[in-house]
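Chain residues, written in single-letter form:
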Amino acid sequence: MRLAYPGWLILLVFMLLPILRERWRGRIAWPSLAGFRQRDAGFSPWVLVHRLPVLLRSLAIGALVVALARPQSVGGVIRIAAKGVAIMAALDHSSSMNTVDFPADADTHKISRLEAALATFSRFVEGREDDLIGLVVFANYPDLACPPTLDHRFLIESAAAVRSARPGDDGTNIGDALAWSLDALRRTTPAKKVLILLTDGNNQPAVPHPLDPALAAELARDLGVTLHTIAIGKAGGVVHGTDAKTDLPVMAEVEGPNIPLLQKLAEITGGRSFVATDADALDQVFETISRLEKSQIQNEIHTRYDERFLPWAATAIGLLTLDRLLTSGRLRRLP
């Protein structure tokens, strides 16, 4: 509880006015039979009742003064991030990311690379509440799953809806994915911008005129964006997976991530390159990136207050009404 205008409380001294007025009020002696009363007649409660209107007026003035001071209670607090970090994650969701070879929970079971990447990304988002974060998913073609936003609940829900690419879109187009992510970052206001690339394959786009990843990294450098790259999975070889249509186990010879290319892209922008071969390692990579990209936050706290003057004003009106009713009956006094 707080008072918006506490200076009004100085008017509480006027609570004494009804008492002083009653004390100094002129009185006219009227003929009465009071002299014939017995001396031991006892105390009459009407002595106190006659003083009740004065008390009601004093309390009404006090309640009215408190209402003028505008009592308020905290109705809510809104935090506005004035300065943070704008972060975009470019996530490979090609079919190879469905490979179930990622040890999780201290190697107690295995999950798919895509599942591990999405779960780790969601935990990363939850720990960066003051930053604008967005998500681009890519295979042959990039797709903006969520633009940079402070609505992290919506971002996490959007990430949970990501599925592996359809057969006609299968491929790894790193250059265009970086370009789409940079376009989303370019529209944000924070001065510090970060791009995180997660992929388990080599740059092998099956589209005409794809952007060279090195040129995309140079563009990121020119825009002041730091690029961190994460190679997901082992270097290559025979991997085991599950067929999406038949749900039967399959084996395939796949090419692993192009680690030298990812290191080169990160070096161009002054970022770092990481390799994660299991879920725990991927968690550690994101924790490292989170420590590297600290937010210089200058928060504005907007507090919403609910007005509480109405009960005090209603109390003052009620007390004055009761005073008028009492002084219109037996407690009525002539001037």
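Since the model is a prediction, treat every value here as computed from it, not as a measurement.

Caption draft 1: Region of the structure containing the side chain of S94. Mapping S94 onto the fold places it in the loop between strand 3 (85-92) and strand 4 (100-104). A distance of 2.8 Å separates a polar atom in the side chain of S94 from a polar atom in the side chain of D92. Setting aside chain neighbours within four positions, we find S94 in contact with F138, A139, S164, A165, D170, G171, T172 and D200.

Caption draft 2: Examining the packing of aromatic side chains more closely. The tally for this structure, following the rule as stated, stands at one aromatic pair. For the ring pair F124 and F286, a centre distance of 5.1 Å and an interplane angle of 55 degrees mean the geometry is tilted. One end of the pair, F124, is in helix 4 (residues 113-126); the other, F286, is in helix 9 (residues 279-292), and 162 residues separate them in sequence. Like F286, F124 is buried.

Caption draft 3: Spotlight on helix 8 (residues 259-269). Taken as a whole, helix 8 has its buried residues at L261, L262, L265, A266, I268 and T269. Projected down its long axis, helix 8 carries its buried residues within an arc of 155 degrees, all on one side. Facing away from the buried side of helix 8 by over 90 degrees, the exposed positions are P260 and E267. Buried positions along helix 8 lie against helix 6 (174-186), strand 8 (192-199), helix 7 (213-222), strand 9 (225-232) and strand 12 (273-276). N-capping of helix 8 is provided by N258, with a side-chain oxygen placed 3.2 Å from the backbone N of L261. Directly after helix 8, the chain includes G270, whose backbone phi takes a positive value near 85 degrees.

Caption draft 4: Here's a closer look at the environment of L17. Relative to the helices and strands, L17 is located in helix 1 (residues 17-24). Sequence separation between L17 and S58 is 41 residues, and the spatial gap between their C-alpha atoms is 7.5 Å.

Caption draft 5: The arrangement of the packing of helix 4 against helix 5 (residues 152-160) in detail. Here helix 4 crosses helix 5 at 180 degrees, and the two axes come no closer than 10 Å. In terms of orientation, helix 4 and helix 5 fall into the roughly antiparallel class. Contact with helix 4, carried on its side by L118, F121, S122, V125 and E126, involves H152, L155, I156 and A159 of helix 5 and no other residues of that element. Within the contact of helix 4 with helix 5, the residues separate by chemical class into six nonpolar, two polar and one charged.

Caption draft 6: Summary view of a nonpolar patch on the surface. On the surface, Y5, W8, L64 and L68 cluster together into a nonpolar patch covering about 390 Å² of accessible area. Examined against the element boundaries, W8 turns out to sit in the loop between strand 1 (2-3) and helix 1. W8 sits in the partly exposed class, given a relative accessible area of 40%.

Caption draft 7: Layout of the pairing of strand 9. When you tally the buried positions in strand 9, you get eight out of eight residues, the bulk of the element. Alternating residues of strand 9 divide into V225, L227, T229 and A231 and T226, H228, I230 and I232, and every residue in both groups is buried. Across seven bridges, strand 8 lies against strand 9 in parallel orientation. Note on strand 9: the bridge partner recorded for L197 is T229. You can see the chain leave strand 8, run along helix 7 and come back into strand 9, and the turn it takes is right-handed. Direction of pairing for strand 9 relative to strand 12: parallel, over a ladder of four bridges.

Caption draft 8: Local environment of unusual backbone geometry. Phi at R70 takes a positive value of approximately 60 degrees, unusual for a residue other than glycine. The topology assignment puts R70 in the loop between helix 3 (52-68) and strand 2 (71-81). Within the chain, H209 stands out as a residue other than glycine whose phi angle is a positive 55 degrees. With respect to the helices, strands and loops of the structure, H209 is situated in the loop between strand 8 and helix 7.

Caption draft 9: A look at the pattern of salt bridges. A full pass over the atoms with the stated rule returns eleven salt bridges. The closest approach of N and O atoms between D323 and R57, which form a salt bridge, is 3.1 Å. Of the two residues, D323 sits in helix 10 (residues 309-327) while R57 sits in helix 3, which places them 266 residues apart along the sequence. Its relative accessible area of 22% is what places R57 among the partly exposed residues. The closest approach of N and O atoms between R113 and D200, which form a salt bridge, is 2.8 Å. Linking R113 in helix 4 with D200 in the loop between strand 8 and helix 7, this pair joins segments that are 87 residues apart in sequence.

Caption draft 10: Inspection of the nonpolar core at higher detail. L91, F121, L135, I196, L198, I230 and L282 are the most contacted members of the largest nonpolar core, which has 35 residues in total. When neighbours within four sequence positions are excluded, L282 is seen to be in contact with F102, A116, A117, T120, L198, I230 and A276. The next biggest cluster of nonpolar side chains, apart from the first, holds 23 residues, and it includes F138, L178, V225 and L262.

Procedures and definitions
- Residues numbered from 1 in each chain as written.
- Predicted model: local features only at pLDDT ≥ 70, side-chain atom pairs only at ≥ 80, totals over all residues.
- Heavy atoms only, no water.
- Helix = DSSP H or I, 4+ residues; strand = E, 2+ residues; numbered from the N terminus.
- Polar contact = N/O pair within 3.5 Å; in protein donor to acceptor, adjacent residues only side chain to side chain.
- Contact = heavy atoms within 4.5 Å.
- Phe/Tyr/Trp six-rings, centres within 6.5 Å; stacked < 30°, edge-to-face > 60°.
- Buried < 20%, exposed > 50% of the residue type's maximum accessible area, 1.4 Å probe, protein only.
- Arc of directions from axis to C-beta.
- Axes fitted to C-alpha atoms, helices over the stretch in contact; angles between N-to-C directions.
- Parallel < 35°, antiparallel > 145°, perpendicular 65-115°, else oblique.
- Nonpolar A, V, L, I, M, F, W, Y, C, P; charged D, E, K, R; others polar.
- Patch = residues over 30% accessible without salt bridge, like charges linked within 9 Å, V, L, I, M, F, W, Y side chains within 5 Å.
- Areas by Shrake-Rupley, 256 points an atom, 1.4 Å probe, with all protein chains shown as cover.
- Salt bridge = Lys/Arg side-chain N within 4 Å of Asp/Glu carboxyl O.
- Pairing = 2+ DSSP bridges.
- Right-handed = clockwise from strand over helix to strand, strands pointing away.
- Core = buried A, V, L, I, M, F, W, Y, C linked by side-chain atoms within 4.5 Å.

Purely spatial values, then, with no claim about function.
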